[in-house]
Amino acid sequence: MKNLLKEIPEVLLMGPGPSSVHPDTYQALASSTLGHMDGDFIRIMDAIKEMLQRLMNTGNKLTLPISGTGSAGMETSFVNLVERGDRVLILVNGVFGTRMTDVASRLGADVDTVEAEWGTPIDPEKVAQKLKSGNYKIVAVVHAETSTGVRNPVAEIGKLVQNTPSLYLVDGVTSLGGIPVKLDEWGVDAFYSGTQKCLSVPPGLAPVSFSDSALDALQSRKSKVPNWYLDLSMLTQYWEGKKRVYHHTAPINMLYALYQSLLLLEEEGTEAAFARHAHCHTRLAEGLSKLGLQMLVEEKYRLPMLNAVVVPEGVDEAGVRNRLRSEFKIEIGAGLGPLAGKVWRIGVMGHTAHEENIDYFLDSLKKCIA
Ligand SMILES: *Cc1c(COP(=O)(O)O)cnc(C)c1O
């Protein structure tokens, strides 16, 4: 039988994730697999925790990667904090805010929302109004809405939530590694991310962090966490302390890859990495404008790592994407939900965020829309 892996082309990943992977990270995946209770592996786990805490700007002891993609991080955050009947306020302006309402509802939460039109940010004024009228156990928002390319004002919203007893839950799947994330300064109580966006690790892990207040809420639950695999009170016994307790077999080699990618970030310097994303975003936006294309989001609300571009009248949206992939070996993303067929989503995430990739993409796109 022929081996299909031998036919995999090298594709430049410029969609909404996964992003292109650094060669050192691929190398890390090929390191020898250790046992999950091995002392040498536990040293790597500890280093991952410390590097994640630095990247998230937090002193949260409970900071660890969940075995699963970004959505497993979302599920972990809600399943550990929500009990049936709890009031949860979710700020929705895209696919991932909408997904949060689904996850929270399935757990029996009483979900309320503040919405904003897709392509625009959440208005903190509307959140302030809601917080006056009701008490919520959790207020949840997506930092970087990958479905639209909007950056939500998480610091501002955090200030509002800090004046209430609510826990503040933030989705940082696309933001972590590409723009600053400051959990302690913003008063974030529960945070989750994913590895295949700006961390440039293949999909499969979801870094999560809980504050002491979130941990208190977890420890004072009336009911057991209704999901065994994602129960943080059990997972911490494997991730913390002198004596480690087996929970599930950690995805060893994936964790090597996360370790390597975090090391690469620290070697480059996080500020330099953020500047690299910003620089590539500007170069891309300028190039697109020269091609006569328009961005969906107003400049001051744009994310550097996810660029939604309006498909011009008369251009075959899927045709361009298909040609980019087949002829130029570039993947970009399509629009989702109400934006399907209307935008392309161009990712400038992690190892993809290099000038030469931007230039190659712009050159290829020019040929496709000519
Ligand atoms: C990608 C993404 C997710 C989901 O992550 P998966 O790895 O696809 O499970 C959640 N939230 C945001 C903002 C994302 O961009």
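Because the structure is predicted, anything quoted here is derived from the model rather than measured. (Residues numbered from 1 in each chain as written. Predicted model: local features only at pLDDT ≥ 70, side-chain atom pairs only at ≥ 80, totals over all residues. Heavy atoms only, no water.)

Draft legend 1. View of the layout of surface pockets. Here the largest pocket defines a volume of roughly 360 Å³. What lines the largest pocket is a set of 17 residues, among which Glu10, Val11, Ser20, Val21 and Tyr26 lie closest to the centre. Broken down by secondary-structure element, the contributors of at least two residues to the lining of the largest pocket are β1 (12–13), α1 (23–29) and α13 (355–369). Counted by class, the lining of the largest pocket contains 10 nonpolar, 5 polar and 2 charged residues. Roughly 220 Å³ of internal volume is contained in the second largest pocket. Forming the walls of the second largest pocket are 16 residues, and the residues nearest its centre are His22, Leu264, Glu268, Arg276 and His351. Here the lining of the second largest pocket gets 4 residues from one element, more than from any other, and that element is helix α10 (residues 252–268). (1 Å grid on protein atoms, 1.4 Å probe; cavity = no way out; pocket = protein on both sides within 12 Å on 5 of 7 lines; lining within 4 Å. Points joined across faces, edges and corners; volume = space filled by probe spheres on them. Helix = DSSP H or I, 4+ residues; strand = E, 2+ residues; numbered from the N terminus. Nonpolar A, V, L, I, M, F, W, Y, C, P; charged D, E, K, R; others polar.)

Draft legend 2. The arrangement of empty space enclosed by the protein in detail. Under the criterion given, the structure shown has 1 cavity of 30 Å³ or more. In this structure, the largest cavity occupies an estimated 80 Å³ of space. Together, Leu64, Pro65, Ile66, Ser67, Leu205, Leu235, Tyr238, Trp239, His248, Ala250, Pro251 and Leu255 line the largest cavity. Counting only elements with at least two residues in the lining of the largest cavity, the list comes to β2 (62–67) and α9 (232–239). The element best represented in the lining of the largest cavity is β2, accounting for 4 residues. For the lining of the largest cavity, the per-class residue count stands at 10 nonpolar, 2 polar and no charged.

Draft legend 3. Region of interest: the environment of Val141. Within the element layout of this structure, Val141 appears in strand β5 (residues 138–142). A sequence separation of 17 residues divides Val141 from Gly158, and the C-alpha atoms of the two residues are 9.9 Å apart. Look past the residues within four positions of Val141 in its chain and what remains in contact with it is Leu91, Met100, Asn152, Val154, Ile157, Tyr168, Leu169, Val170 and Asp171. (Contact = heavy atoms within 4.5 Å.)

Draft legend 4. Inspection of α13 at higher detail. Between its terminal C-alpha atoms α13 stretches 21 Å, which fits the 21 Å expected from 15 residues at 1.5 Å a residue. Taken residue by residue, α13 has Asn357, Ile358, Phe361, Leu362, Ser364, Leu365 and Cys368 as its buried positions. For α13, the elements touching its buried residues are β1, α11 (270–290), α12 (317–328), β13 (330–331) and β15 (343–347). (Expected span 1.5 Å × (residues − 1). Buried < 20%, exposed > 50% of the residue type's maximum accessible area, 1.4 Å probe, protein only.)

Draft legend 5. Local environment of the domain arrangement of the chain. Assigned domains within the chain: domain 1 (4–18 + 269–369) and domain 2 (23–266). Each of domain 1 and domain 2 was reduced to a C-alpha centroid, and the two centroids are 26 Å apart. In total, about 2100 Å² of surface goes out of reach between domain 1 and domain 2, with carbon and sulfur atoms giving 72% of it. When residues of domain 1 are sorted by the area they lose upon contact with domain 2, Phe274, Tyr301 and Leu303 head the list and together hold 25% of the total. For the pair domain 1 and domain 2, the interface holds 0 salt bridges. The tally of links between domain 1 and domain 2 comes to 6 residue pairs in polar contact (both at pLDDT 80 or more). Listed by contribution, the elements that provide at least two residues to the side of domain 1 that touches domain 2 are α11 and β12 (306–310). Split by residue class, the side of domain 1 that touches domain 2 holds 16 nonpolar, 7 polar and 2 charged. (Domains from an automatic or database assignment. Buried area = accessible area lost by both parts, 1.4 Å probe. Salt bridge = Lys/Arg side-chain N within 4 Å of Asp/Glu carboxyl O. Polar contact = N/O pair within 3.5 Å; in protein donor to acceptor, adjacent residues only side chain to side chain.)

Draft legend 6. A look at the packing of aromatic side chains. Scanning all chains against the criterion turns up 2 aromatic pairs. Measuring from centroid to centroid gives 6.3 Å for Phe41 and Tyr256, while their planes differ by 65°, and the two rings are edge-to-face. Here the residue Phe41 occupies a position in helix α2 (residues 39–56), and Tyr256 occupies one in helix α10, the gap between them amounting to 215 residues. By the burial criterion, Phe41 is buried, and Tyr256 matches it. Relative to Trp239, the ring of Tyr238 has its centre 6.2 Å away and its plane inclined at 80°; by these criteria the two rings are edge-to-face. Like Trp239, Tyr238 is buried. (Phe/Tyr/Trp six-rings, centres within 6.5 Å; stacked < 30°, edge-to-face > 60°.)

Draft legend 7. Quick look at the sheet that holds strand β9 (residues 190–192). Spatial ordering of the open sheet is given by β2-β10-β9-β8-β5-β3-β4, a layout of 7 strands whose pairing is mixed. Here the strands that pair on one side only, and so sit at the sheet edges, are β2 and β4 (110–115). For this sheet the average axis-to-axis angle between neighbouring strands, irrespective of direction, equals 20°. (Pairing = 2+ DSSP bridges. Axes fitted to C-alpha atoms, helices over the stretch in contact; angles between N-to-C directions.)

Draft legend 8. Region of the structure containing the site of the ligand. Close to the ligand lie 13 residues, the nearest being Thr69, Ser71, Thr146, Gln196 and Lys197. At 3.0 Å from an oxygen atom of the ligand is found a main-chain nitrogen or oxygen belonging to Gly70. Contact distances for the ligand include 2.9 Å between an oxygen atom and a side-chain N or O atom of Thr174. Out of a free accessible area of 380 Å², the ligand has 89% covered by protein chains. (Near = heavy atom within 4 Å. Areas by Shrake-Rupley, 256 points an atom, 1.4 Å probe, with all protein chains shown as cover.)

Draft legend 9. Structural detail: the pairing of strand β10 (residues 205–210). The buried fraction of β10 amounts to 6 of the 6 residues, a majority that puts the element mostly inside the structure. Here β10 shows two buried faces, one formed by Leu205, Pro207 and Ser209 and the other by Ala206, Val208 and Phe210. In this sheet, β10 lies alongside β2 in antiparallel orientation, the contact comprising 6 bridges. Paired with Ile66 across the bridge in β10 is Ala206.

Draft legend 10. Molecular detail of the packing of α12 against α13. Where α12 meets α13, the closest approach of the two axes is 10 Å, and the angle between their N-to-C directions is 120°. When the interaxial angle is binned, α12 and α13 end up oblique. Note that α12 runs across α13; the crossing there is right-handed. When α12 is examined against α13, the residues Val320, Arg323, Leu324 and Phe328 are found in contact with a partner set consisting of Tyr360, Phe361, Ser364, Leu365, Lys367, Cys368 and Ile369. Tallied by class, residues from the contact of α12 with α13 come to 8 nonpolar, 1 polar and 2 charged. (Parallel < 35°, antiparallel > 145°, perpendicular 65-115°, else oblique. Left-handed = near helix turned anticlockwise from the far one by under 90°.)

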